[in-house]
Every structure is written in C-alpha cells, then in structure tokens.
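Structure at a glance
Letter by letter, the chains look like this.
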Amino acid sequence: MITAEHVPQAETDYLTQLENAAKRFGNRTPQREETLQTLESRGVLYADEPSRVKKRLARLNADWSLAKAIEQIPTQPVTTAGSTLPLSPDAFGADVLGLERLMGRNNLTGVAFLEGGYLAARSIGRVSVRTPEGGHHGTGFLVSPSLLLTNNHVLRSPEEAGHAVVEFDFQAGVDGRPLVPVAFRIDPHGFFATDRELDFTVVAVAEHNQEGARLADFGWLPLDGAQGKAILGEFVNIIQHPNGEPKQLALRENQIVDLLDLFVHYVTDTAPGSSGAPVFNDQWEVVALHHSAVPETGPDGHPLATDGTPWRPGMGEHRLAWKANEGVRVSRVLQALSRLTLTGNAARLRDELFQPPYGPRPEEAPLMAGKPGPDGSVPDGSAPLTPGTAVGITVPLRITVGVDAQAPGGRGADPSAGPRVTAVAAGGAVPAPAGRAAGRSVVSDAVAQDLDAALLNLRLGESRPYYVREDDRAARDAYYAHVDADSYGEPLRQALTALLEETHGPRPSYKPARMLYPWVDLHPDRLLRSVYSGRAFTAEELIRADAAAEASRLQGMQEFLLRESAASADELVAELDVLEASLPFNCEHVVPQSWFAKREPMRGDLHHLFACEPACNSFRGNYPYMDFPGFEEAVRADCGMREKSGFEPEHSKGAVARATLYFLLRYPGLVGDRAGEFPEERLPILLEWHENEPVTEYESHRNAAIAGIQGNRNPLIDHPEWARSIDFSGVWP
C-alpha cells in the first residue's frame, strides 16, 4: 500500500474540494473571458497557444495548412447533388470531417465514434463503498489490466477501499432493461496510491469475482501523458455514474475554457460531471479525471444548493448549483505516480500504467513489429548444437546456450542433461533458474538495471541545454578537418566512408531505451515523435513500455529454453523472432534489419534509429522508400502510403533520407545485394527529400548527441551541400 509522500493522510473533505475549485475558477476569470472572446471572434485554432494547437493537429494527423484551408471554406453550405455539406461528397474525407468537428463547423462524425464510445464505456464502473459509518458512490475506470483510477475523495484510504467494490454493466441495455451488474472486489493490499492535492486514487482490483467473471473482459483505458489530446475551445465527453445512478453519457456538452498547470475547466449548460469519471476527447482518449463541480457560491464563499440554500455533501452532487466542471489533467496524475518509489509487485503494477496509449487491450491480438536479431553472426542451417558451440542472443540479458565439450561419461557428466543454459547479465554470469520464481528474479534484476539507467539518463538530460549551435559547429569543423571539401565524386565518398568507420569507436548494442529515448531522439520540446506518423510521446512512457517488453521477452525465452532443452540454433532464433514480433519496441530502423542480417554494429547504430510506434513500424515493414505520384491526394494510413513497390512516410522525409544516406556511406555494399532492398535507381528520391526538407534543430541535436556517444557524425546533416557532390554509386554491390 503506497501513498504519495507529500500528501497528508487526513480525510479529504469534498466540500474543501468544491471551495478550492471555485477559487481557482474565480481567479482565472480574466483569462477565461479572453479565451471565450477569441473563440467567438476567431475560433478554436486561435484560442490556445500555437504550439499546443500544432500538437493537437499533429495528433489528428493534420497540419496547419489543412486547418486553414478548411477555415477558408464558406460557412454557407455548397449544395452538391443534394448535399448540405460545405464540401462536395467526394472531397469530404475523414481528415476534413475530423477537423471541421474540432473547429465547430460541422457536428457530423463517422459511426466509428459510437463504437469507440461503447468500448470506452466498458471499462467504466460504479464504485460503491459500504463502511460501518455509512456508504457512498463514485465513478472509476480501469487504466491497466489490474488498476482502477478514481478520486481521492471517493476512496480516501486503504481501509475505505477495503470496503469497496466496482460494478461494471450497471446500465440499461439496448432494449431499455437493466443489465445485470458485474461486481469486483477492490484490493488495496495489492496496490494503493493516493494524492489529496490532485484528488486521485489508483487501486488494484481483483482479477476474478465470486462468480468467476474476468476483470480482463472489461478492457482498460490507457493513459497518455503527451500533449495534444485537447485544446481550448474543444468539446469533451464524460461517461459517468452521477449520484450513483446507472451509467450515463454527457456527449460533447462540455467545452474546455481553461487549462491550468494541474487542472482543466470545462463548462456546459446542461450536464454536470460525476466524481471519478473519465473526461474524453472525440477520439476517446482520456483527457482528465473529473473530480469536482465548480459551484455557485453565496456571499460567504460556500457552495449553494439548487434551491439557494447552503449545500452540504449529504445532499448529493445532483443538488449542487454549479456553473462549471473541473478535472485533473491526466499528465499530472502520471507524473505523480512516476515519482513514487516502489518495489516488487507494486512497481510492476504501476509500470503497466506507462504502456503506450496504443498498447493492446486484453481482447485484442498482439501488435506486430520489426523482428529481432542475434548479437553477431548466428550459424546458418537448422542442425542441432554440437559440443563446444554456443549461440549468443541479445535480449535484456544475453542468453548463451551450449553443450560442455566433455567426453561421454566423463567426470561430472550427466548423459541425460540437455544444453547448459547461462544468463549473462551486467557484471557476470548466473546459472539459468530451475524454476519460474528464480527466473523472474533474474529477469526483473536485469530489466531493472536497464530501466534505472534509462531513467537516470532522462533525469540528467533535463538540466542539459538541448542544442548549443556554436559548440556543435566547432566540433563539426574539427571532425572534417582532414576531408578535402573541394573533392568530388568517388574520392569524396571514400574519404567520408573511411572517416565514419574510423571514428565509430563505441558501438552500442541495440537498446533504444538506454540512449535513444532519454536524449538522442528528443525534439526541442523534450518530447518524442513517431518518425512516420508524427505522434508525440513522453520519453518516460516509451522507456517503461520497452522495459516491460524486454522483461516479457526474456521471461518467454527462459521458459522456452527450460522447455526445449535440445533446441537448435535456428529454433532459438525463431522463438526470439516470435517473442519480439508480439512484444515490440517503439523503435524503427530506417534501414530494415533484414537488409543487414540483423547484425551489429548496424543494428545499434543510433544514426538510423528513430522513435516509432509499432503500428507504423509494422505498416512500413521492410519496404524500401518510394515517392508515389499523387501522394497528397491518395487515401493512406496515418503512417504514410504503402504498396508492393515501396513505402512513403507521412512525416520526416528529410530526416529519414539523411539517415539512409548516412547508412549507405558508413556500410557500403550492404544494401541492395538482394531483391526488395533499396535499389540504386531510387537514390534521386532520397536526394530530393533531403533537399526539400532542410536540416532542423532536432536533427542537429541528434547528430551532436550521437557523436558524443558513438564518435561519428552524419555528413549529410553537417554539410547538406555535399549530397550532390558524393558519388553514391560505389555504395551498392
């Protein structure tokens, strides 16, 4: 049972929450009025900070130019073939529809909106507390396979939570008749964390109820700490159990009018909120945890009831005279949880919260991603391992499988024993465990070391300047001091190839959570962005997600080795392929791993590694880059466009082009020796992308950070003008 250290354990007084919310709302009156005036006169695109608006558009897979184009459409509908839409039906795509909805120009939406709301509602339940002193109700929702999020004033303490249950399906069915509620015991002994100031409690829930129903069948709502989920002027949705009543929906009735550091304010004419309910955007992402109404107050500052008398908590929220709602920002809940010092099972349960927002729900099939590879070369063929041989496979630990080279029946030999299994961690080797419990210990220790190192790198980076141009220019000039800048063609290519290989001193193995996420791939706002979709993430959420994937991979591999003691080298590699395909990292090799047989140092070379959610990684696959005619008008996925001939990314074409050109220079002869790899005739595509999208501060930061880690630099970032001077023909076999 864990409680945030800075939070007193005194019982939360809901009346105090109301009064504090009213004060915050009152103190922000000038800013709120200015926001409302801007919304009225100019619209939602201008009410919030430009950086926040751009992040919101990017999250919707749109940009400013598209939003401006929609804004220019006449407000009077253009009637085409009987349509009342402001665009002709053939131009009214999902991207335009979503943006018009955001901008308040159109309330139409796809029917998938209803399906998304139905799935989201499954994870929301009524929290019922029955103590010797009395009882009360609230709303709560599952945020991981095991954890429920609600308000502190709903579940104030572990003792109170021990008298509580959460009831799902407490609602009417499609025929209007009540469904049978499914109740689960709340388990504060498994996990309990609360914060009085932010008014949240996270608590464990039993996996099964007394009737044998599974908690996993109700899914969960992932929490995402990245910006871009909602902006000022946007309407949000609340699914709730108001006053303990059956589940209800306030659909697009609450408009966001203020964003504070910790809280968000939203107002409506019709729908109050309900304590502990999730506040959603139109994509059914959780924006906030609803925790308080902003009440009408009397001269003494105390909340009023609907009949004008002083309101008391015993009257219920439905008797409160209110003028707005207040929610706790989800990013602040995640930050508070990340600062808790936890160990053991509590740490594991907490870390499940930091799975990315696209993480699989229990009812979904695993997402696909790029396949892993061996540490160094692996023997070809499928012959069983013979005495004296060993295969090393890079996972969080390196698992070495071999057979002692002993004479049959020799001293200490066990004729019935299979291959000797050893797990090599930092600092030495330990025998592989004989049972599952010991195996988990080896796994957790190794992954914990990597996780601690990654989080330490992240914390150290918080105080570092992002990019110092003067220092980097000096380092660049020193690096190329012996390269003849006037050379041309093949001599320039050979000089750069030799320099890149010679200065590639430290050659880190493939562990994106250690260096890529905490520092190398950060953008100027200190967020990570998927290289193909542009979707934003915090570094910590990807670090923790990859750590969870590493732990599961290693555990699965150890279990496989214990189960298949006579596995061949090919069987080991195939098993690891399966594990990584089902437990992917959030990282993309712009030069696919299969093109270089998944070997180091190519696999861990940071110059061509970028943050990328598994869905885009899988969508790109191993297809070479392509420039499709009519790309801007084509129907394509969020990540880009893919056909049998290739893949064109939605974002970062200049960055991926320069990373690919670096790879061609650093590893000549490695790409293009097999069908399906990047062919020489597509070189002009990379050069065109390179020239059309100039080097950004983000890429300069990456280049300087990577140089500090592995020694070499990307010439196409340092000297973009060299691109047309280099004869790249010598890099193909």
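Here is a short report on the structure shown in this document. It should be emphasised that the depicted structure is a prediction, and the values quoted were computed from it without experimental measurement.

Attention now goes to the overall build of the chain. Secondary structure summary: the chain contains 20 helices and 22 strands in total. Considering only contacts in the chain between residues 6 or more positions apart, those separated by 24 or more positions represent 69%. Surface accessibility of the chain: about 32,000 Å² in total, with carbon and sulfur atoms responsible for 53%.

We now examine the nonpolar core. Soluble, globular proteins show a tendency: their nonpolar side chains are buried together. Counting 79 residues, the largest nonpolar core has Tyr-517, Tyr-532, Tyr-625 and Phe-728 as the members making the most contacts within it. The element contributing the most residues to this core is helix 17 (residues 653-666), with 9 residues. What Phe-728 contacts, discounting residues up to four positions off in sequence, is Leu-661, Leu-665, Leu-683, Leu-687 and Ala-723. By size, the runner-up hydrophobic cluster in this structure holds 35 residues, among which are Phe-200, Trp-284, Val-333 and Leu-337.

Once that is clear, we can look at helix 3 (residues 50-59). Burial runs high along helix 3: 7 of the 10 residues are buried. Along helix 3, the residues that are buried comprise Arg-52, Val-53, Lys-55, Arg-56, Leu-57, Ala-58 and Arg-59. Phi turns positive, to about 60°, at Asn-61, one or two residues after helix 3.

Bringing the state of the cysteines into the picture now. Inspection of every chain in the model, using the stated rule, returns 1 disulfide. For Cys-616, the disulfide goes to Cys-639, at an S-S distance of 1.9 Å. Around the S-S axis, the bridge from Cys-616 to Cys-639 shows a dihedral of about -85° and counts as left-handed. Residue Cys-616 is located in helix 16 (residues 614-620), and its partner Cys-639 is located in the loop between helix 16 and strand 21 (640-643); the two are separated by 23 residues in the primary sequence. The class for Cys-616 is buried, based on a relative accessible area of 1%. For Cys-587, which is in no disulfide, the shortest distance to another cysteine sulfur is to Cys-612 and amounts to 8.3 Å.

So, on to the packing of helix 1 (residues 14-27) against helix 2 (residues 29-41). At their nearest, the axes of helix 1 and helix 2 sit 5 Å apart, and the two run at 60° to each other. For the element pair helix 1 / helix 2, the angle class is oblique. Two secondary-structure elements touch here, helix 1 through Phe-25, Gly-26 and Asn-27 and helix 2 through Thr-29, Pro-30, Gln-31 and Arg-32. A class-by-class count of the residues in the contact of helix 1 with helix 2 yields 2 nonpolar, 4 polar and 1 charged.

Strand order in the closed barrel formed by 6 strands is 1-2-3-6-5-4, with antiparallel pairing between adjacent strands. Between one strand axis and the next, the sheet turns through 40° on average, direction left out of account. Along the sheet, helix 8 (residues 330-338) makes contact with strand 3 (147-150), strand 5 (182-195) and strand 6 (200-205), crossing strand 6 at roughly 65°.

This brings us to the side chain of Asn-254. Along the chain, the position of Asn-254 falls in strand 8 (residues 248-259). Side chain to side chain, Asn-254 and Asn-325 meet in a polar contact 3.0 Å long.

A word on helix 2. Helical geometry note: an α-helix holds 3.6 residues per turn, so side chains three or four residues apart project in the same direction. Between its first and last C-alpha, helix 2 extends 18 Å over 13 residues, near the 18 Å set by a 1.5 Å rise per residue. Considered for burial, the residues of helix 2 that qualify are Arg-32, Thr-35, Thr-38 and Leu-39. Summarising the axial view, the buried residues of helix 2 lie within an arc of 125°, below the 170-degree limit, and thus occupy one face. Turned more than 90 degrees away from the buried face of helix 2, the exposed residues are Pro-30, Glu-34, Gln-37, Glu-40 and Ser-41. In this structure, the buried residues of helix 2 make contact with helix 1 and strand 8. Just downstream of helix 2, Gly-43 is the residue with a positive phi angle, here 110°.

With that settled, consider the pairing of strand 4 (residues 164-168). Of all 5 residues making up strand 4, 4 are buried, and the element is well covered by its neighbours. Bridge count between strand 1 (residues 124-131) and strand 4: 4 bridges; the pairing is antiparallel. Residue pairing in the sheet places Val-129 in a bridge with Ala-164 of strand 4. In this sheet, strand 5 lies alongside strand 4 in antiparallel orientation, the contact comprising 4 bridges. Across the sheet, residue Phe-168 finds its bridge partner in strand 5, namely Val-182.

Interhelical geometry of helix 13 (residues 512-520) versus helix 14 (residues 539-563) gives an angle of 165° and a closest axis separation of 9 Å. On the basis of the axis angle, helix 13 is roughly antiparallel to helix 14. The handedness of the crossing between helix 13 and helix 14 comes out as right-handed. Contacts between helix 13 and helix 14 pair Pro-512, Ala-513, Tyr-517 and Pro-518 from the former with Ala-539, Leu-542, Ile-543 and Asp-546 from the latter. Broken down by class, the residue content of the contact of helix 13 with helix 14 amounts to 7 nonpolar, no polar and 1 charged.

Here 8 bridges tie strand 1 to strand 2 (residues 134-142), and the two strands are oriented antiparallel to one another. Of the residues in strand 2, the one forming a bridge with Val-129 is His-136. Between strand 1 and strand 2, which follow one another and run antiparallel, lie 2 residues. Judged from the 2 bridges that link them, strand 2 and strand 3 form a sheet pairing that is antiparallel. Looking at the pairing, Phe-141 lines up with Leu-149 of strand 3.

For the rest of this paragraph, the subject is unusual backbone geometry. Between Glu-600 and Pro-601 the backbone carries a cis peptide bond, its omega angle lying at 5°. Phi at Asp-199 is positive, roughly 55°, even though this residue is not glycine. Here Asp-199 lies in the loop between strand 5 and strand 6. If you check the backbone angles, Asn-243 has positive phi at about 55° while not being a glycine. Relative to the helices and strands, Asn-243 is located in the loop between strand 7 (235-240) and strand 8. Accessibility expressed as a relative area gives 38% for Asn-243, which makes it partly exposed.

Right, let's get into the packing of aromatic side chains. Applying the stated criterion to the full structure yields 15 aromatic pairs. With centroids separated by 5.4 Å and ring planes inclined at 90°, the aromatic side chains of Tyr-480 and Trp-722 adopt a geometry described as edge-to-face. With a gap of 242 residues between them, Tyr-480 in the loop between helix 11 (469-479) and helix 12 (490-503) and Trp-722 in the segment after helix 20 (715-718) connect regions that are remote in the sequence. Assessed through its relative accessible area of 6%, Trp-722 is described here as buried. Aromatic ring contacts, followed pair by pair, group Tyr-532, Phe-619, Tyr-625, Phe-647 and Trp-689 into a single cluster. Lying across the ring of Trp-519, Arg-464 places its NZ or CZ 4.2 Å from the centre. The positively charged end of Arg-553 is found above the aromatic ring belonging to Phe-585, 3.7 Å away from the centroid.

The next thing to look at is the environment of Asp-195. If you trace the backbone, Asp-195 turns up in strand 5. Take Asp-195: its relative accessible area is 1%, and that puts it in the buried class. With 39 residues separating them along the chain, Asp-195 and Arg-156 place their C-alpha atoms 9.1 Å apart. Polar side-chain contacts of Asp-195 include one of 3.0 Å to the backbone nitrogen of Leu-198.

Thresholds applied
- Residues numbered from 1 in each chain as written.
- Predicted model: local features only at pLDDT ≥ 70, side-chain atom pairs only at ≥ 80, totals over all residues.
- Heavy atoms only, no water.
- Helix = DSSP H or I, 4+ residues; strand = E, 2+ residues; numbered from the N terminus.
- Contact = heavy atoms within 4.5 Å.
- Areas by Shrake-Rupley, 256 points an atom, 1.4 Å probe, with all protein chains shown as cover.
- Core = buried A, V, L, I, M, F, W, Y, C linked by side-chain atoms within 4.5 Å.
- Buried < 20%, exposed > 50% of the residue type's maximum accessible area, 1.4 Å probe, protein only.
- Disulfide = S-S within 2.5 Å.
- Axes fitted to C-alpha atoms, helices over the stretch in contact; angles between N-to-C directions.
- Parallel < 35°, antiparallel > 145°, perpendicular 65-115°, else oblique.
- Nonpolar A, V, L, I, M, F, W, Y, C, P; charged D, E, K, R; others polar.
- Pairing = 2+ DSSP bridges.
- Polar contact = N/O pair within 3.5 Å; in protein donor to acceptor, adjacent residues only side chain to side chain.
- Expected span 1.5 Å × (residues − 1).
- Arc of directions from axis to C-beta.
- Left-handed = near helix turned anticlockwise from the far one by under 90°.
- Phe/Tyr/Trp six-rings, centres within 6.5 Å; stacked < 30°, edge-to-face > 60°.
- Lys NZ or Arg CZ within 6 Å of the ring centre and 35° of its normal.

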